[in-house]
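As a plain string of letters, each chain reads:
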Amino acid sequence: MIFEYAPAPESRSVVTLRETYDLFVDGGFAPAEGGEYLTTLNPADETKLAQVAVAGEADVDRAVTAARRAYDTVWSRMSGAERGKYLFRIARIIQERSRELAVLESMDNGKPIKETRDVDLPLVAAHFFYYAGWADKLRHAGLGPDPRPLGVAAQVIPWNFPLLMLAWKVAPALATGNTVVLKPAETTPLTALVFAEICQEADLPPGVVNILTGAGPTGRALVEHPGTDKVAFTGSTEVGRSIARSVAGTDKRLTLELGGKGANIVYDDAAIDQAVEGIVSGIFFNQGHVCCAGSRLLVQESIAGELLPRLKDRVAKLRLGDPLDKNTDIGAINSAAQLERIRELTDSGAEEGVERWSPPCALPSTGYWFAPTLLTGVSQAHRVAREEIFGPVLSVLTFRTPEEAVAKANNTPYGLSAGVWTEKGSRMLWTAERLRAGVIWSNTFNKFDPTSPFGGYKESGYGREGGRHGLEAYLG
Amino acid sequence: MPVSHTATAPEATTNRALRAFLHGLPGVDEVGARARAQDLATRSIKTTAKAQAIDLAISMVDLTTLEGADTPGKVRALCAKAALPDPADRTVPRVGAVCVYPDMVATAVEALRGTGVGVASVATAFPAGRAPLEVKLADTRRAVADGAVEIDMVIDRGAFLSGDYLKVHDEIVAVREACGPAHLKVILETGELVTYDNVRRASHLAVRAGADFIKTSTGKVAPAATPPVVLVMLEAVRDHHAATGARVGVKPAGGIRTTKDAIRQLVLVNEIAGPAWLTPDLFRIGASSLLNDLLMQRTRLTTGTYPGPDYYTQD
């Protein structure tokens, strides 16, 4: 019999969208001097959500000046315990408003509500709670007897986890006594603007957090502004490179979290059904818009014939559709531009001769959608094995020996994440020791925790966020 | 489907061969199995889907009384309820079966005559199973002779845990034969097997020995039918089907008390084994108090209000 789950959409009524959103500078909302606005869309149906101001150089200057004043007069002078109180207050307000934030994040980004509700928002609150706890204990962090804040931090974050990336950046910066000017991505600015309201609600001193919306030029103006002491960026390797160039020669500190092409290694003795789950969450979580996604499956040749049908069977059960439906597993691609890029790269794989498979899957007629896709018969020489696709597309490769698995896993310009699936502890440790990646998951994938440092090797960037290590990027 | 290594059971049945087969099955990662079950528990089943699920669950209930204090009167009352769960609403489907101790089979068969509801019996020295094989076989034959159409047998957990898979296997084969035309449900008592690896092995062992159903528990041991255990058993029957084309049923029993619990089980069935298992022929829920909650939720859906517990019969 067919068991059709009835649609179970989360109510939009918890979200009050304003027509236009201005910049958040020095504790208040103010229009951009240039008077320019951009429109943010719901990627699931292409409807307009709101207009947000585009910050120009003058606005950046205003925000940096406000942040500097707040740093000099209030925030850096405050005791750690007092700063901690503000962070705890912010964390609690986030929890109280988590349903509203989850729905808004889902509308703005296109990711399923079950991920914003069950993953993003709990982690966002946890990051603020975690770093709130560090605020009065910095001298016990193993970073010297009297670690000092750096000053004003310029932070530029991506569209894949808008609020979570904000938390990763803002929480440690504030805990350590820095003030921030943050630019969210142009396609997903809305939860950052609600976060600005939360800062007001928490009575955070004006200027400690400033939020400037806009696109690439806004980010560039912010990063290049001489009044900032620290730049933190999460996004593409290409933009990261240009930021590194512009910061070179200044005394600004820089951390970069860039792209990835994570290997998910499945040995022949793995718990096969759980490995299939891990492969699915490794690449289809957040539509594959995850820099640490397990986008290259390396499966031992002797079990490839058994694993692949199971994987296809499982992928066929993924439910794609309305991101606000609580039963949706795969939501929309964030933007038309990203959809185009995924198409281009996936097509190039087909042209290069890899086999392409997607389950029978009805895509909604409006919005940006891409069916979950497996590319098999992939070799290291194919573009789809080398370049980051940043979409729900898994490249499947095989290996015969552990040495070969490690060699293939490391044979990439990136080094952000890897997964290893085996029931044998010694093989797990042998492999993990040899993988050149910042995070290695053992019999799991895409698990995050505020206490655990996260960051990359090679072209995946430098510096660590999260955990005690995450404090280091904001202390001198 | 390609040949799976879960499929290649050995031809010659020796303890060694069984051991090689069972220990050659892929392992189960506990954390991952729990996470998957937890993820499926967040499926939101509402309105039409919920109405469909409730009627399906009612038709899958093996309405059970397994108490030392059972009397013919109690069993007859249960049978009346099985055939007509809600006298106030004749659209409610009848349950899957009534499950009783062997000495109550004749009473139940008599009470259910003409209703279409079958009688299941926990023959085989339930719940411990600690009796000689001849006793278990006699118990089974007698229950079938009295009219039981389904036999719920317990496996010898002691033999399983000591690695004597052959003994477990041969007992199932023998009971299967003693059942004649009756269906055989093999109770693994997963709470005593403890690990998910053991649950997977016991599932394949029972299937290979001829079980028509594999069942989690007697209801006398906790934990019983937890979602991850049911998930592992559903994976076993799915793999068996992929390898041989044959479908074996699954019956969780013990601890399923609310409609929400039951619906979560149905979601597991739908997404792990597949929709083909969503029938009383391949999925049953062993329960006693669940039925009233299903009836209450059903009324809530049709009328919009919750009736009080006294609107449903207590036994």
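Our structure's up above, just so we're on the same page.
Residues numbered from 1 in each chain as written. Chains lettered and ligands numbered in written order. Predicted model: local features only at pLDDT ≥ 70, side-chain atom pairs only at ≥ 80, totals over all residues. Heavy atoms only, no water.

Peer 1: Please set out the overall build of chain B residue by residue, giving values where relevant.
Peer 2: When helices and strands are counted, chain B shows 13 helices and eight strands. Its C-alpha atoms give chain B a radius of gyration of 19 Å, near enough to 20 Å, the size a compact globule of 315 residues would have. In terms of overall dimensions, chain B has a C-alpha envelope of 60 × 45 × 30 Å along the principal axes. For chain B, the proportion of its 315 residues judged to be buried stands at 57%. The long-range share in chain B, meaning contacts at least 24 apart out of those at least 6 apart in sequence, stands at 74%. Accessible surface for chain B amounts to roughly 12200 Å². Of this, 54% is attributable to carbon and sulfur atoms. Taken as two groups, the 35 positive and 34 negative side-chain charges of chain B have centres that lie 3 Å from each other. (Helix = DSSP H or I, 4+ residues; strand = E, 2+ residues; numbered from the N terminus. Rg over C-alpha atoms; globule rule 2.2 N^0.38 Å. Buried < 20%, exposed > 50% of the residue type's maximum accessible area, 1.4 Å probe, protein only. Contact = heavy atoms within 4.5 Å. Areas by Shrake-Rupley, 256 points an atom, 1.4 Å probe, with all protein chains shown as cover. Lys, Arg positive; Asp, Glu negative; His and termini not counted. Charge placed at Lys NZ, Arg CZ, Asp CG, Glu CD.)

Peer 1: Outline the sheet that holds strand S4 (residues 37-42) of chain A, listing residues and values.
Peer 2: Residues and elements named next belong to chain A. In space, the three strands of this open sheet follow the order S1-S5-S4, with mixed pairing throughout. The strands lining the two open edges of the sheet, one partner per strand, are strand S1 (20-21) and S4. Alignment of S4 against strand S5 (residues 47-53), held across six bridges, turns out to be antiparallel. Bridge assignment links Thr40 to a residue of S5, and that residue is Ala50. In this fold helix H3 (residues 98-109) packs onto S4 and S5, with an angle of close to 100° to the strand it touches most, S4. On top of the sheet, helix H6 (residues 190-201) reaches S1, S4 and S5; it is set at about 55° to S5, its chief contact. (Pairing = 2+ DSSP bridges. Axes fitted to C-alpha atoms, helices over the stretch in contact; angles between N-to-C directions.)

Peer 1: Requested: an account of the interface of chain A and chain B, with residues and values cited.
Peer 2: Of the residues lining the interface, 29 residues belong to chain A; the matching set on chain B comes to 35 residues. Both faces combined, the contact of chain A with chain B buries some 2700 Å², and carbon together with sulfur accounts for 48% of it. Applying the counting rule to chain A against chain B returns six salt bridges. Arg43 of chain B is the salt-bridge partner of Asp329 of chain A, the closest N and O atoms lying 2.9 Å from each other. Seen at the junction of chain A and chain B, the total is eleven residue pairs in polar contact (both at pLDDT 80 or more). (Buried area = accessible area lost by both parts, 1.4 Å probe. Salt bridge = Lys/Arg side-chain N within 4 Å of Asp/Glu carboxyl O. Polar contact = N/O pair within 3.5 Å; in protein donor to acceptor, adjacent residues only side chain to side chain.)

Coordinates in, geometry out; function isn't part of it.
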